[in-house]
Amino acid sequence: MAKNNKKADTHHEVSAMKKIIKHKLFIPIVFLMFLLLINIFIKPGFLRISLGKDSSGNPVLIGNIINILNNATELVILAIGMTLVTSSSKGQDISVGSTIAIVGGVIMRVICGNETQPTRLMAPIIVALILGCLAGMACGAFNGILVAKFNIQPMVATLILFTAGRSIGSMAMGGLKPKAVASFGYYGNFIPGFPIPTPIIITIVVVAITFLVLKKTNLGLYTRAVGINDKSSRLNGLSPARIKFLTYVIMGFCVGIAGFVQSSRVQTVNPYTIVPGIEMDAILAVALGGNSLGGGTLNMAGSIIGAYTIQTLTSMLTTLNVNTNAVPVFKAVIIIILVAIQTPTVKKFFSSKVPLSKLATNNGKERG
Amino acid sequence: MQNILLTMKNIYKSFPGVRALQNVDFTLCEGEIHALMGENGAGKSTLIKVLTGVYSKDAGEIHIKGVDKPINVKSPQEAHKLGISTVYQEISLCPNLTVTENLFIGRNEDLLVNWKKCNKKAESILESLKIPAKPGQQLSNCSIAVQQMVAIARAVDMDCKVLILDEPTSSLDEQEVAKLFSLMRELKSRGVGIIFVTHFLEQMYEICDKVTVLRGGELVGEYQVSELPMVELVAKMMGKELGDLANIQNKGKLNAESSKEIIVEAEGLASDRGIKPFDFKAHKGEVTGFAGLLGSGRSECVRAIFGADRVIKGRLKIKGEEASITSPLKAMKKGIGYLPEDRQRDGIIGDLSVRDNIILALQTMRGFFRPFTKSQAQAFAEEYINILGIKTASADTPVSSLSGGNQQKVILARWLLTHPDYLILDEPTRGIDIGTKVEIQRLVLKLASEGMSITFISSEIEEMLRTCSRLIVMRDLQVVGELEGDDMTQDKIMYTIAGVSK
Amino acid sequence: MLKRKQAPSDTAFLLTITISMFVVIYILSIMFLGDKGFNKIQMLFNLFNENAALIVIACGLTVVMITGSIDISVGGVTALICTSCIVCLNKYDFNFFTALILALAIGLAFGAVQGFLIAYLEMQPFIVTLAGMFLGRGLVALIEVNQIQVDNKGFELLSGARIEIPFLGDINKKGVFIQSKLEYGVVVALIIVFVMLWLLKKTNLGRSFYAVGGNSQSALTLGINVKKTRFNAHLLCGLLAGIGGFLYLFHTRSGSVQQATGLEMDAISASIIGGTLLTGGVGNILGTLFGVLINGLVLLVVTAIGNQDPWWPQITRAGMLCFFIVLQSIICSRKKK
């Protein structure tokens, strides 16, 4: 963010320094930078981006950065929804991986019909996209009703779709394993002749829409208000149940888009193995972004940076020849360190140092 | 002369911005039931918390029988060991455990417990105190009264000398209160000293020997109950004129007479919070008030008007038009504003900035798709920070880091920004310093003179007398009288509250 | 004024529903699916054989859920125990007992560290145990990426052993009497169930779990060491995960990175079905046992109904979970009023 790079007056250098350190994006950005630096160190050509050709001779951009941006797409989109859900309902949606399977199943069924090797699109891709998003939103609405109306803890409520989702996805495809025609793959790979991977474009669009919505509506304010204190939000004319429900539906929409991109990548969907454990990564992204998992904070930029951080970490470990399955070990260590330094007890211990937990929420506490 | 069990001398305690206790003395004898009375913010609960070690005192001495030196209680556990036990209004037992378990858990660290022996012991305790509960019964299946008695039994069994009952009767019905009282008498005969905190006058007269009255963190006095008429007690609790406030004149009265336009009119309104149906009218430019002691139903009345509680009966007219108010938003759109009684729980949204807290109500009325731009919001916030003199580092500061008085001003700003026709202020001056109190009262009168209709609720009777032109008097969730003009005197109000006709 | 209705305790109510549902489904399946094997005793034994490890692990989760916490690391811990024990059995001449000790040590280590972070550093249980899950699975991959099998004669001999109860068995199509076989792991699981029942009902520690989960503030005023109790709950859960993980190995004799995926959620949903509230303070081991059994039974029944589609078992389970969650929510909200 530009704010961090503001040049400080010599007079106010100290306070400007403080401002930067206290900015809510400080830790996420520093951490991402740190990872990128390590990457550059271990692989000197890390930042290089070149124009190459793919198997059919179309120009494509190649480079580590491009790969990270490309591969992080689903995670970034899910992190956006997860941030909203966490903020409003003080809990997380653990069903997103399973609902992506549902979305993927619906999309494949729409595009491939009942054939396993269709030679043409059975329906326009836009129809598939819309139906996929609707499926995602229906799942979100289901979770939302349980959370908002029945006051069930988000984790328990979403455990239901977590259990059933992958099976429902398989049911949606009728048990088939179809492979869609190559033109469906444009959205998860490249549009012929256009060198930038399509998922990156989709990410940009989704992120832009997100920030536009946050700017042009009161979503952010309402979500935070409800997440902090739903009793007094109600006395200010808000309907906490409706807002929680809305955030879950938005989460469902994000799942729809992510599911679309994911199923387009290889033009086939295996509901039982698609995006394994992505729900945990999405939650981790939210936490890395400086959001409280206890609700009430809405640091969207942080979550997005968090998502890219996770992807960078994964890519770095792959460069280091660490087995993909062992990547979680490093994630675990990072989670514990990042969360531990924010707990009250540890904070008290280090109280003479910079109060890290306040970076996320408070700027200059003062008593009146 | 009875044996003195406990003395507290010259107790001082202050919190940032508030002096909660100043030079308070308290004495308790063996076998005595001693009432501790006072309105909100009088310092009752602070005194209790100092005694039980929840708070540490700033200055003063506490002596307890059997310990030579002044004691310094650091935690509730330590208080237990010294023989001081507390039973709170909200049961501090575990409802999901059995009666026996609640009596004995946490009293030793052994892994194994002989529950058979405990059950027998529990049975004998329950029997000797005549508590109608079975040892193996789950606590949540007992009535609140029995739960309270179990809590008392636990305290007694742990050899407590001083038993503090903090508003134990507020959720009991008459029969249950009678049972509790007979238990208290039983303990009294055993020589336990009981401190009884309550706001029910009649109950106090029924059971207590002595009463200590606090007001505004200061000691008013200690009296023999039999020598203190109820009216005098009410007067002592509510206090007399405070010099600084005297110069505020009630200009509202004049306006009320000149304006006959009715803004809000309730007929037979009742909500699911248990208030009896009541009628109410508020005129343009008038300041009305709901008077009554804590728990008399004054907040419930205004909550019903604002749609904060579910209305189950009655009609509401706003500016002559029938209005169905089923949610706060509908009330807001009809031009009603409501500053709630419990600032922390219902008022502020702690981690949001001062700016967001100020614009929130207006923003919700404006709608989801029409947010204010940052500069608009900033302008609103700055305007009201200046008007009300809110002391904050900036509009970005989270409201939770402000002092109580400034938090209250932020909520006030929130409602003033919506420019309501009818503004309800429920205890706007509770727990805030005297300077801000005066400011808020002045503001109320100024707003009324500009034509706003206001309902002002306060535990302090002079505040209401100074600001209101008409008072609705409540007792036990029921409207028991309405006072206007020359009838509005302290005496009259107290007689009406005490239920004595004169 | 407020007055409470005298009602049977929620725990008992939810437990009754779970048990009667299990009994009803079982009787119905004997009646209508008898020819698919449901009239055989071996079927019931198999239900236990397959679920012994899950029963133990779910007991641990019930304990942490009663204290109002959660542990989603148990699946990862199980996978780690399986793989590391197999590596030690195959390469380092571990025998049955040293492997058991290793399993318990892993479980206890996870329980202790997670318990410390949650109870004393007051970190969110979900995040801490999420890290635990990542760590467990990740370590498996660091130890051994491929799927491996136990290659240790002594261990295989023990794990292949079965209990045969005299006269309990079924007559097959040819009219030959076949003894029903029960694995030793089931005995261990049932012993643990009984120990846990006793621990939660009768001991100070067990009742403290309920007290802390029901109302930690009250528990504190009653003189219970809340932090220590929370720590103990996680330690106990870790121990049970250790035992459960070992039983898992004992039953499957193999290990891989993807092993026991979703085991934690199976355990959580068994606890919920058994009447444990995630909000804490309510729950019981017997319910959890039946929760596991009901889940297993539904899988068997749905498969036996002859539906070729592979998705119905999970969907049925989720539907059942949904039913129980909504039921609990309704009971809870009624209690508030």
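Residues numbered from 1 in each chain as written. Chains lettered and ligands numbered in written order. Predicted model: local features only at pLDDT ≥ 70, side-chain atom pairs only at ≥ 80, totals over all residues. Heavy atoms only, no water.

A. Here's a closer look at the overall build of chain B. Regarding its fold elements, chain B presents 18 helices and 19 strands. By the compact-globule yardstick of 23 Å for 502 residues, chain B fits well, its C-alpha radius of gyration being 25 Å. Counting only C-alpha atoms and orienting by the principal axes, one finds that chain B spans roughly 70 × 55 × 45 Å. Per-residue burial over chain B gives 58% buried out of 502 residues. Sequence-distant contacts, at least 24 apart, represent 67% of the contacts inside chain B between residues at least 6 apart. When the accessible surface of chain B is totalled, it reaches about 20,500 Å², and 48% of it is carbon and sulfur. (Helix = DSSP H or I, 4+ residues; strand = E, 2+ residues; numbered from the N terminus. Rg over C-alpha atoms; globule rule 2.2 N^0.38 Å. Buried < 20%, exposed > 50% of the residue type's maximum accessible area, 1.4 Å probe, protein only. Contact = heavy atoms within 4.5 Å. Areas by Shrake-Rupley, 256 points an atom, 1.4 Å probe, with all protein chains shown as cover.)

B. Looking closely at the overall build of chain C. Each helix and strand counted, chain C has 13 helices and 4 strands in total. Once the C-alpha set of chain C is aligned to its principal axes, its extents read approximately 70 × 50 × 40 Å. Here chain C holds 337 residues, and the buried ones make up 58% of them. Within chain C, contacts between residues separated by at least 24 positions form 75% of all contacts whose residues are at least 6 apart in sequence. When the accessible surface of chain C is split by element, carbon and sulfur atoms take 66% of a total near 14,000 Å². Positive and negative side-chain charges of chain C, numbering 24 and 15 respectively, have mean locations separated by a distance of 14 Å. (Lys, Arg positive; Asp, Glu negative; His and termini not counted. Charge placed at Lys NZ, Arg CZ, Asp CG, Glu CD.)

C. Main features of the sheet that holds strand β14 (residues 321-322) of chain B. Residue and element names in this part refer to chain B. Read across the open sheet, the 4 strands follow the order β11-β10-β13-β14; overall the sheet is antiparallel. Strands with a single pairing partner mark the edges of an open sheet, and in this sheet they are β11 (278-283) and β14. Inspection of the sheet shows strand β10 (residues 262-271) paired to β11 by 5 bridges, in the antiparallel sense. In the sheet register, Ile262 faces β11, and the bridge partner there is His283. Against the sheet, helix α10 (residues 298-306) makes contact with β10, β11 and β13 (311-318), and its axis sits at roughly 110° relative to β10, the strand it touches most. (Pairing = 2+ DSSP bridges. Axes fitted to C-alpha atoms, helices over the stretch in contact; angles between N-to-C directions.)

D. The arrangement of the interface of chain A and chain B in detail. Counting from both sides, the interface comprises 26 residues of chain A and, opposite them, 40 residues of chain B. The junction of chain A with chain B conceals about 2,700 Å² of combined surface from both sides, 61% of it contributed by carbon and sulfur atoms. Our count for the chain A to chain B interface comes out at 0 salt bridges. Joining chain A to chain B, the criterion identifies 10 residue pairs in polar contact (both at pLDDT 80 or more). Those elements that provide at least two residues to the side of chain A that touches chain B are α8 (198-216), α9 (219-228) and α10 (230-235) of chain A. With 6 residues, the top contributor of residues to the side of chain A that touches chain B is α9 of chain A. A per-class count over the side of chain A that touches chain B returns 8 nonpolar, 10 polar and 8 charged. (Buried area = accessible area lost by both parts, 1.4 Å probe. Salt bridge = Lys/Arg side-chain N within 4 Å of Asp/Glu carboxyl O. Polar contact = N/O pair within 3.5 Å; in protein donor to acceptor, adjacent residues only side chain to side chain. Nonpolar A, V, L, I, M, F, W, Y, C, P; charged D, E, K, R; others polar.)

E. Representation of the side chain of Thr86 of chain A in the model. Residues and elements named next belong to chain A. On the secondary structure map, Thr86 appears in helix α4 (residues 73-89). Of the residues examined, Thr86 reaches a relative accessible area of 1% and is grouped as buried. Excluding residues within four positions of it along the chain, Thr86 makes contact with Gly91, Gln92, Val286, Ser292, Leu293, Gly295 and Gly296.

F. Main features of the pattern of salt bridges. Counted according to the given criterion, the structure contains 28 salt bridges over all chains. Across the pair Lys210 of chain B and Glu222 of chain B runs a salt bridge whose closest N-O atoms are separated by 4.0 Å. Pair noted here: Lys210 of chain B is in strand β8 (residues 210-215) and Glu222 of chain B is in strand β9 (residues 218-224), with a separation of 12 residues, a long-range link. Lys210 of chain B sits in the buried class, given a relative accessible area of 13%. A salt bridge links Lys227 of chain C to Glu122 of chain C, with the nearest nitrogen and oxygen atoms 3.6 Å apart. Of the two residues, Lys227 of chain C is situated in helix α10 (residues 226-252) and Glu122 of chain C in the loop between α4 (96-120) and α5 (125-143); the sequence distance between them amounts to 105 residues. Exposure remark for Lys227 of chain C: the relative accessible area of 35% places this residue in the partly exposed category. Three or more residues joined by partner-sharing salt bridges are found here, namely Arg273, Glu300, Arg303, Asp309, Arg345 and Asp346 of chain B.

G. Up close: the domain arrangement of chain B. Residue and element names in this part refer to chain B. One can read the domain layout of chain B as domain 1 (4-238), domain 2 (242-335 + 451-496) and domain 3 (337-419). Taken over C-alpha atoms, the centre of domain 1 sits 35 Å from the centre of domain 2. If you look at the interface, domain 1 gives 10 residues, while domain 2 gives 11 residues. Across the interface of domain 1 and domain 2, roughly 1,100 Å² is buried in total on both sides, 65% from carbon and sulfur atoms. Here domain 1 is connected to domain 2 by 0 salt bridges. At the surface where domain 1 touches domain 2, the tally comes to 0 residue pairs in polar contact (both at pLDDT 80 or more). (Domains from an automatic or database assignment.)

H. Inspection of the packing of aromatic side chains at higher detail. All told, the structure shown has 19 aromatic pairs over all chains when counted by the stated rule. The interplanar angle of 40° and the centroid separation of 5.2 Å between the aromatic rings of Phe306 of chain B and Tyr338 of chain B together place this pair among those described as tilted. Linking Phe306 of chain B in helix α10 with Tyr338 of chain B in strand β15 (residues 336-339), this pair joins segments that are 32 residues apart in sequence. Consider the rings of Phe96 of chain C and Phe250 of chain C, whose centres lie 5.8 Å apart with planes at 65°: the pair is edge-to-face. With a gap of 154 residues between them, Phe96 of chain C in helix α4 and Phe250 of chain C in helix α10 connect regions that are remote in the sequence. The residues Phe96 of chain C and Phe250 of chain C share a single accessibility class, namely buried. In textbook terms, an aromatic cluster arises when at least three aromatic residues are bridged by ring pairs, as seen for Phe96, Phe97, Phe246 and Phe250 of chain C. Over the ring of Phe134 of chain C we find Lys331 of chain A, and its NZ or CZ is 5.4 Å from the ring centre. A cation sits over an aromatic face here: Arg207 of chain C above Tyr210 of chain C, 4.6 Å from the ring centre. (Phe/Tyr/Trp six-rings, centres within 6.5 Å; stacked < 30°, edge-to-face > 60°. Lys NZ or Arg CZ within 6 Å of the ring centre and 35° of its normal.)

I. Highlighting the sheet that holds strand β16 (residues 422-426) of chain B. Residues and elements named next belong to chain B. Spatially, the 6 strands line up as an open sheet ordered β15-β16-β17-β12-β18-β19, and their pairing is mixed. This sheet does not close on itself; its edge strands, each paired only once, are β15 and β19 (478-484). Averaged over all pairs of adjacent strands, the angle between their axes in this sheet comes to 15°, without regard to strand direction. Of the strands in this sheet, β15 and β16 touch helix α15 (residues 404-417), which is tilted by about 175° from β15. In the packing of helix α18 (residues 490-498) onto the sheet, the strands contacted are β12 (287-291), β18 (470-475) and β19, and the crossing angle to β18 comes to about 25°.

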